[in-house]
Structures are given as structure tokens and as C-alpha cells.
Amino acid sequence: MRFVLLSAITAVAVWLVTFLPLGVEVTGGDAGPWARIGVFLLVGAVMAAANLILKPVVDALALPIKILTLGLFSLVVSWFMLWVTAWLTTLVPWAELTIGAFWETLGAALLISICTAVLSAVVPGARR
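The paragraphs below set out a description of the structure included in this document. Since the structure is predicted, the reported quantities are computational estimates derived from the model, not experimental observations.

**With respect to the overall build of the protein chain**
Then comes step 1: Along the backbone of the protein chain there are six helices and two strands.
Then comes step 2: Beginning at the N terminus, the succession of helices and strands in the protein chain can be written as α-β-α-α-α-α-β-α.
Then comes step 3: For the protein chain, the C-alpha radius of gyration of 14 Å lies close to 14 Å, the compact-globule estimate for 128 residues.
Then comes step 4: With respect to the three principal axes, the spread of C-alpha positions in the protein chain is 50 × 35 × 25 Å.
Then comes step 5: Looking at the protein chain as a whole, 34% of its 128 residues qualify as buried.
Then comes step 6: Considering only contacts within the protein chain whose residues lie at least 6 apart along the sequence, 70% involve residues at least 24 apart.

**Structural notes on the pattern of salt bridges**
Then comes step 1: For the coordinates displayed, the defined rule picks out one salt bridge.
Then comes step 2: Note that D59 and K66 form a salt bridge whose closest N and O atoms lie 2.6 Å from each other.
Then comes step 3: Residue D59 is classed as partly exposed on the basis of its relative accessible area, which comes to 23%.

**Quick look at the side chain of S7**
Then comes step 1: For S7, the location among the structural elements is in helix α1 (residues 2–18).
Then comes step 2: Setting aside chain neighbours within four positions, we find S7 in contact with G44, A45 and A48.

**Concerning the packing of aromatic side chains**
Then comes step 1: Scanning the entire structure with this criterion turns up four aromatic pairs.
Then comes step 2: Here W15 and F19 contribute two aromatic rings whose centre-to-centre distance is 5.0 Å and whose plane-to-plane angle is 75°, an arrangement assigned as edge-to-face.
Then comes step 3: Between the aromatic rings of F102 and W103, the centroid separation amounts to 5.1 Å while the plane-to-plane angle is 75°, which identifies the pairing as edge-to-face.
Then comes step 4: Residue classification places W103 among the exposed positions, given a relative accessible area of 67%.
Then comes step 5: Through pairs of rings, three or more aromatic residues link up here, namely W79, F102 and W103.

**A few points about the environment of L88**
Then comes step 1: Tracing the chain through its elements places L88 in helix α5 (residues 73–89).
Then comes step 2: Residue class for L88 comes out partly exposed when judged on its relative accessible area of 31%.

**A short note on the packing of helix α2 (residues 33–53) against α5**
Then comes step 1: The contact between α2 and α5 brings their axes to 9 Å, and the two run at 130°. Looking at the two axes, α2 sits oblique to α5. Along this stretch, α2 crosses α5, giving a crossing that reads as right-handed. Listed contacts from α5 to V43, V46, M47, A50 and N51 of α2 are M81, L82, V84, T85, L88 and T89.
Then comes step 2: Split by residue class, the contact of α2 with α5 holds eight nonpolar, three polar and no charged.

**Some points on α2**
Then comes step 1: Over its 21 residues, α2 extends 30 Å from the first C-alpha to the last, a length consistent with the 30 Å expected when each residue adds 1.5 Å.
Then comes step 2: When α2 is considered as a whole, its buried residues turn out to be V39, F40, V43, G44, V46, M47, A48 and A50.
Then comes step 3: Residues of α2 that are buried make contact with α1, β1 (25–28), α3 (55–61), α5, β2 (95–98) and α6 (102–122).

Cut-offs applied
Residues numbered from 1 in each chain as written. Predicted model: local features only at pLDDT ≥ 70, side-chain atom pairs only at ≥ 80, totals over all residues. Heavy atoms only, no water. Helix = DSSP H or I, 4+ residues; strand = E, 2+ residues; numbered from the N terminus. Rg over C-alpha atoms; globule rule 2.2 N^0.38 Å. Buried < 20%, exposed > 50% of the residue type's maximum accessible area, 1.4 Å probe, protein only. Contact = heavy atoms within 4.5 Å. Salt bridge = Lys/Arg side-chain N within 4 Å of Asp/Glu carboxyl O. Phe/Tyr/Trp six-rings, centres within 6.5 Å; stacked < 30°, edge-to-face > 60°. Axes fitted to C-alpha atoms, helices over the stretch in contact; angles between N-to-C directions. Parallel < 35°, antiparallel > 145°, perpendicular 65-115°, else oblique. Left-handed = near helix turned anticlockwise from the far one by under 90°. Nonpolar A, V, L, I, M, F, W, Y, C, P; charged D, E, K, R; others polar. Expected span 1.5 Å × (residues − 1).

This is how it looks when you write it as C-alpha cells:
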């Protein structure tokens, strides 16, 4: 149940970032508003799964670089998770997350992380 809640929170964060000119765009779900919500929930679920499964491994591998950069490399790890999500959604024919240039998308990854953290703190049951 926690994964579903985390997926919905991530979907809301991605939805909020798509309104900003940061090069993040979600395509698909043209059949109606419920299909569009389903597309955002799919993107949120893929991103939440990538953050739960892949991010601890990438964090462990990037630990020396994080120490050298005093933690700033965490932004690049967040960007990489967004890139992995965009790549995985290209495998789905009816939904796709597209990202733009590196610096724009780095800002988008930062905002998605902040929105997800704030919403996880506010929504009951989202944290352990």
C-alpha cells in the first residue's frame, strides 16, 4: 500500500513539474482525463520503483564522488533516476516521459525531489 501512495505522490510531483519550462513533458492519455491521470500514475510508479530499487545501488557506487563534492553529486543521481524513468517509459507505447537538456532536467529533478519530500511529509502513511 505504501508503494501505491508513493507512486501517487511522485505522479503529483511530476505533474507539477510539467507546468514549468524545465524540459519535462509527459505524452499519452489522449482518450480523456482518466487516461491522462493513468499516464501520470504510470510515470510515478516507474519513478518510484526506480528510486526504491536502483537508487540505493547508484548511491552506493557514487559515494566517493558524493564525498568529494560534499553531497552535490546527489543532484546528478536524481537526474539519472529521471533519465532512467524517461528511458523506461519509452518501452510503453501509450505513455512517455520526455526530458530536455541536462541543466534544465537537473532543475526538474531537484524540484521533483523537493515536491516528493514535502508531499511525503504531509500525507499520512507515506513515510515509515
